[in-house]
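Notes for the structure review
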Amino acid sequence: SADGGRNLSLESIPMGLPMSDPSAWATAMNNLGMAPMGMTGQPLLPDFDPALGMMTGIPPINPMMPGLGIVPPPIPPDMPAVKEIIHCKSCTLFPPNPHLPPPATRERPPGCKTVFVGGLPENGTEQIIMEVFEQCGEVIAIRKSKKNFCHIRFAEEFMVDKALYLSGYRIRLGSSTDKKDTGRLHVDFAQARDDLYEWECRQRMLAREERHRRRLAEERFRPPSPPPVVHYSDHECSVVAEKLKDDTKFLEAIQTLLTWIERGEVNRRTANNFYSMIQSANSHIRRLVNEKAAHEKEMEEAKEKFKLALSGILVQFEQIVAVYHSASKQKAWDHFTKAQRKNISVWCKQAEEIRNIHNDELMGIRREEEMEMSDEEIEDPSEMKETEESALVSQVEALKEENDSLRWQLDAYRNEVELLKQEQGKASRDEDTTKEQQMKLLQQALQGMQKHLLKVQEEYKKREAELEKVKEDKLKIETLLENLKEQESSMSRVCACSQEKECPVEKTLSNSPVKSEREVLLVGIISTFLHVHPFGASIEYICSYLQRLDSKICTAEVEVLMTRLQNTFRQELSGVGASLEKRWKFCGFDGLKMT
């Protein structure tokens, strides 16, 4: 078969070429990942390991490839692939330098079975090419060019990988050393239309098989169609009537009854049978109503349990939050470390958020119950009673034989009365709980107001203290202003006296050490400068300051003036030895007392 032909193992490939060196041929076949075979078909190496001879630069062999029946183990990364000399009948192949990088190849086209072979000897023939490359597998066609290259098409894709292994080998025809009898093989992938066409056909076939598998899977998982409804007969009618009385089979029976009625099976002869079945369906309503009431009761009980559990959880949350708040007070807070305080504050925030969420949920449940109660109060009970009584009268007139219907009505009334009593009890309990919640909310509001008042009082005290400080500052400023005013008045008096006594002052100036108004100004400026420097200053520093005001001032003039005024300026020596320095100080306040 075709599939069997594709899955031939490597051992079935004929290798009947003459070999001058069997060990070299075995090494080359081992590098190709093939079991070395002799002329008689016997293995040359009994303990052959395919992992030792895998080629470098070739992708790992896929066990799904056609023609492969084995899965070779992976190549160890530290195991080098050794290329040996290959001896053929008409030529010899010499391996490339193992230290050179592997030859470059183009991107592999899909379904590639054709290779390009360049670097052939000028005297090479198709027979020699066939002799070299039929070792890699079955060759279908060879297209040779006059320019020392050819295209070879193999039967399977994996044979291309074996042909690429020969890329880089030097070929020599016989034992000749002529340039026309030698060449360096370059093997690369080639793009052929036949390969692409076969690959596309194979892909389409795989796609068809995949669609077929999907279709089978969908049909397998498709739900089965409902069974056909049986035709009406007296026997089937009795069976359906029995099923209508059974709760487990009611759905199937009611579907059969509906189909029969829609088909038109009701006539004068079968009307009584259909009426009895419809009556059984009507009696099933009572069972459904009772079942619904039981489920509603279970739901109410579950709601009550949920509410009680939620309220208990809220109480526990309140206690936990109270613990966090008490731990946050200064009495206990100071004893915790910074990390512990941070964790406690984070936990407190998380607990408060969860508590608020649960509290909102509980309040929402209670609001829903209050809304339901208000809706029931809005409904007019008189209209409900009238409709129920009319329904009872119509049922009594139409079905006098049904004593069970009356009993069912009485049971329904009893259930309604019990439900009303339960709802009234729940409403009273809800009102009590709402009052308690309102009281709690009012207490919390009062506590919040008290805290706010305390904060306001503290702020009021702080403001009062600030006002007192402002008043004190204001008084100080007023006293300073009064002192300044007094100083201004005294200065004005002094000026007036000085104006009145200008003549005597001029007389005194003639006798004083200060001989001109310019020297008076210099004395005043120097006094101010030295008053700012209480530790004194050198004559150079003083003159540098004065020369900024008037560049004509010289150091000798200033020093003579200061030496004349001994009661105003005093010269002192500071430092020892080389660091000895003369400093002038202002002593006018002391000189005033002495004079």
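Sequence order sets the numbering: in each chain, residues are counted from 1 along the sequence as written. Local features in this predicted model are restricted to residues of pLDDT 70 or higher, and side-chain atom pairs are both shown and tallied only at a pLDDT of 80 or more, whereas totals for entire chains, interfaces and linings draw on every residue. The basis for every side-chain value is the complete set of non-hydrogen atoms in the structure, without hydrogens or water.

**With respect to the UniProt feature "coiled-coil region" (unreviewed entry) in the chain**
UniProt positions are given in the numbering used here, feature names are shortened, and annotations may be inferred rather than shown by experiment. If you check UniProt for "coiled-coil region" (unreviewed entry), the listed places come out as residues 278-305 and 396-490 in our numbering. Taken end to end, residues 278-305 is 100% helix and 0% strand, and its first and last C-alpha atoms sit 41 Å apart. Think of it this way: any DSSP run of H or I at least four residues long counts as a helix, any run of E at least two long counts as a strand, and we number them from the N terminus.

**Topic: the packing of aromatic side chains**
When the centres of two rings from Phe, Tyr and Trp lie within 6.5 Å, Trp using its six-membered ring, the rings pair. Their planes under 30 degrees apart give stacked, over 60 give edge-to-face, and anything left gives tilted. Counted by the stated rule, this structure contains eight aromatic pairs. When the centroid spacing of 5.6 Å and the interplanar angle of 85° are considered together, the rings of Phe586 and Phe589 count as edge-to-face. One aromatic cluster is present, built from ring pairs that chain together Tyr232, Trp260 and Phe274. Note on criteria: charge over ring means Lys NZ or Arg CZ within 6 Å of the ring centre, with the direction from the centre no more than 35 degrees off the ring normal. Directly above the ring of Tyr165 sits Lys83, whose terminal nitrogen or CZ lies 4.8 Å from the centroid.

**Digging into the layout of surface pockets**
Cavities and pockets are found on a 1 Å grid laid over the protein atoms alone: a cavity is a set of points where a 1.4 Å probe fits but cannot escape, a pocket is an open set with protein on both sides within 12 Å along at least five of seven lines, and a lining residue has an atom within 4 Å of such a point. Grid points are joined across faces, edges and corners, and a volume is the space filled by probe spheres set on the points. Counted as a void, the second largest pocket has a volume near 790 Å³. Glu318, Asn359, Gln437, Lys440 and Gln444 are the residues nearest the centre of the second largest pocket, which is lined by 20 residues in total. Looking at the lining of the second largest pocket, the elements with two or more residues in it are α8 (271-327), α10 (338-378) and α12 (403-500). Looking at the lining of the second largest pocket, the element that brings in the most residues is α12, giving ten residues. In terms of residue class, the lining of the second largest pocket is made up of five nonpolar, nine polar and six charged. Following the grouping adopted for this structure description, the nonpolar residues are Ala, Val, Leu, Ile, Met, Phe, Trp, Tyr, Cys and Pro, the charged ones are Asp, Glu, Lys and Arg, and the polar ones are all others, Gly among them.

**Some words on the nonpolar core**
Leu93, Val115, Val117, Phe133, Ile152, Phe154 and Leu166 are the most contacted members of the largest nonpolar core, which has 32 residues in total. Counting only elements with at least two residues in this core, the list comes to β2 (91-94), β3 (114-118), α3 (126-133), β4 (139-144), β5 (149-154), α4 (158-164), β6 (170-173) and β8 (186-189). Top contributing element to this core by residue count: α4, with five residues. A contact between two residues is defined here by any heavy atoms of the two lying within 4.5 Å. Excluding anything up to four places from it in sequence, Phe154 contacts Lys113, Val115, Phe133, Cys136, Gly137, Glu138, Val139, Ile140, Met159, Val160 and Ala163. Within the second largest apolar cluster, 18 residues are counted, among which are Ile526, Val558, Leu561 and Phe569. We define a nonpolar core as any set of buried Ala, Val, Leu, Ile, Met, Phe, Trp, Tyr and Cys residues linked to one another through side-chain atoms lying within 4.5 Å. Summary of the burial criterion: residues with accessible area below 20% of their type's maximum are buried, those above 50% are exposed, and those between are partly exposed, where the area comes from a 1.4 Å probe applied to protein chains only.

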